[in-house]
Amino acid sequence: MVKGPGLYSDIGKKARDLLYRDYQTDHKFTVTTYTSAGVAITSSGIKKGDLLLGDVSTQLKNKNITTDVKVDTNSNLLTTITIDEPAPGLKAIFSFIVPDQKSGKVELQYQHEYAGISTSLGLTANPVINFSGVVGNTALSLGTDVSFDTASGNLTKLNAGLNFIHTDLIASLLVNDKGDTLTASYYQTVSPLTSTAVGAEMSHSFSSNENTFTIGTQHALDPLTSVKARVNNYGRASALIQHEWRPKSLFTISGEVDTRAIEKSAKIGLALALKP
């Protein structure tokens, strides 16, 4: 893999993962098995209140081609074919959903030492074209993310971002929603030995004049167990503990409480992922 500024989606990703990844208030179970031919079969079920959802997916790898097929409870069939490095730094992704005839999409990603480009095109008569690009290096990068609807002739998305990395610190600035939302994020590694890190994210909406601020931290209690916590300016505090009880098999329990309405019951989420 080429070392460079990465893709536009990588801007602010470290802070987002720390503050939002693995937090949930639902109950989720995932089990993965492998056939003798090397095909991975994953079954997932999630309980959201009284609603029970599930899907079954398979993954087949053949040299640099990966084929993923997933069927959900609504009988939708999602197929994704990924070709990794047909040329140096290039990745091609083709996806479609059956029976949605307008869901077909082809995406190309290219990563260079000083640039990262991703472009996608809907496979319809009047497709939506998306382009994102980043220029810079591993320390400083600047990017944009644009979507154009050929049917209406309008820009449906116009975002820009800046990423700064210095040793153990990552600072990011994003302008989203055609300039209506400004988001700044911060991530810093405190102790690499214990995976201890802190992060924060602040967003401001110019149209509603609303501010959102979230701060969080993570820490590894031991090589197999980690904890995370976060709180936002609306008084919602969350925490989780995740344990890898066998290689690649994770058990996660998370909770959320509204500190401004402490009389309400806390929301508890459970996730179990089993892999051989």
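Residues take numbers from 1 onward in each chain, read along the sequence in its written order. Only residues with pLDDT of 70 or above have their local features reported here, since the model is predicted, and side-chain atom pairs are shown and tallied only from 80 upward, although totals for entire chains, interfaces and linings are computed over all residues. Just so you know, side-chain values use all the structure's heavy atoms and leave hydrogens and water out.

**Comments concerning the environment of L221**
To keep things clear, this is the line we draw: Strands are runs of DSSP state E lasting at least two residues, helices are runs of H or I lasting at least four, and both sets are numbered from the N terminus onward.
When you line up the elements, L221 lands in strand β15 (residues 210-222). A sequence separation of 20 residues divides L221 from I241, and the C-alpha atoms of the two residues are 9.6 Å apart.

**Things to note about the side chain of E256**
Quick note on the threshold: Burial classification: accessible surface area is computed with a 1.4 Å probe over protein chains only, and a residue below 20% of its type maximum counts as buried, one above 50% as exposed, and the rest as partly exposed. Only heavy atoms enter the contact rule, under which two residues are in contact if any of them lie within 4.5 Å.
The topology assignment puts E256 in strand β18 (residues 249-258). With relative accessibility at 18%, the residue E256 sits in the buried group. When residues no more than four places from it in sequence are discounted, the contact partners of E256 are T25, R230, R236, A237, S238, A266 and K267.

**Description of the side chain of S205**
How we decide: Any pair of N or O atoms that falls within 3.5 Å is considered a polar contact. Within protein, one atom must be able to donate a hydrogen and the other to accept it, and sequence-neighbouring residues count only if both atoms are side-chain atoms.
For S205, the location among the structural elements is in strand β14 (residues 196-205). Among the residues examined, S205 registers a relative accessible area of 14% and is labelled buried. Polar side-chain contacts of S205 include one of 3.4 Å to the side chain of D180.

**A look at a positive patch on the surface**
Inclusion rule: Residues qualify for a patch when their relative accessible area is over 30% and they have no salt bridge, like charges being joined within 9 Å and the nonpolar side chains of Val, Leu, Ile, Met, Phe, Trp and Tyr within 5 Å. Each accessible area is a Shrake-Rupley estimate made with a 1.4 Å probe; only the visible protein chains count as cover when residues are assessed. A pairing counts as a salt bridge when a side-chain nitrogen of Lys or Arg comes within 4 Å of a carboxyl oxygen of Asp or Glu. We treat Lys and Arg as the positive residues and Asp and Glu as the negative residues; His and chain ends play no part in the count. The location of each charge is read from NZ of Lys, CZ of Arg, CG of Asp or CD of Glu.
A contiguous patch of positive charge on the surface is contributed by R236, R260, K264 and K267. Locating R260 in the fold gives a position in the loop between β18 and β19 (267-274). In this structure R260 comes out as exposed when scored by relative accessible area, which is 61%.

**A few points about a nonpolar patch on the surface**
Taken together, the side chains of V135, L140, L142, L162, F164, L173, V175, L182 and F206 make up a nonpolar region of the molecular surface, amounting to roughly 750 Å² of accessible area. Elements with a minimum of two residues in the nonpolar patch: β10 (140-149), β11 (154-166) and β12 (169-176). By the element assignment, L162 lies in strand β11. For L162, a relative accessible area of 35% corresponds to the partly exposed category.

**Quick look at the nonpolar core**
Among soluble globular proteins, nonpolar side chains are generally buried collectively. Keep this limit in mind: In these notes, a set of buried Ala, Val, Leu, Ile, Met, Phe, Trp, Tyr and Cys residues joined through side-chain atoms within 4.5 Å is what counts as a nonpolar core.
Counting residues in each nonpolar core, the largest one holds six residues, listed as A15, L18, L19, I170, Y187 and A197. Here the element with the most residues in this core is helix α1 (residues 13-20); it accounts for three residues. The contacts of Y187, once residues within four sequence positions are left out, are K14, A15, L18, D168, L169, I170, A197, V198, G199 and Q218.

**Describing the packing of aromatic side chains**
Heads up, the condition is: Two rings belonging to Phe, Tyr or Trp (six-membered ring only in the last case) form a pair when the distance between their centres is within 6.5 Å. Interplanar angles under 30 degrees mark stacking, angles over 60 mark edge-to-face geometry, and anything in between is tilted. A positively charged side chain is recorded as over a ring if its NZ (Lys) or CZ (Arg) lies within 6 Å of the ring centre. The angle to the ring normal must also be within 35 degrees.
As enumerated under the stated definition, the model contains one aromatic pair in all. With a centroid separation of 5.5 Å and an interplanar angle of 45°, the aromatic rings of F94 and F96 are classed as tilted. Residue F94 is classed as partly exposed on the basis of its relative accessible area, which comes to 30%. With a relative accessible area of 26%, F96 lands in the partly exposed category. Seen from the ring of Y23, R230 lies directly overhead, with NZ or CZ sitting 4.1 Å from the centre.

Any functional reading would require information that these geometric values do not contain.
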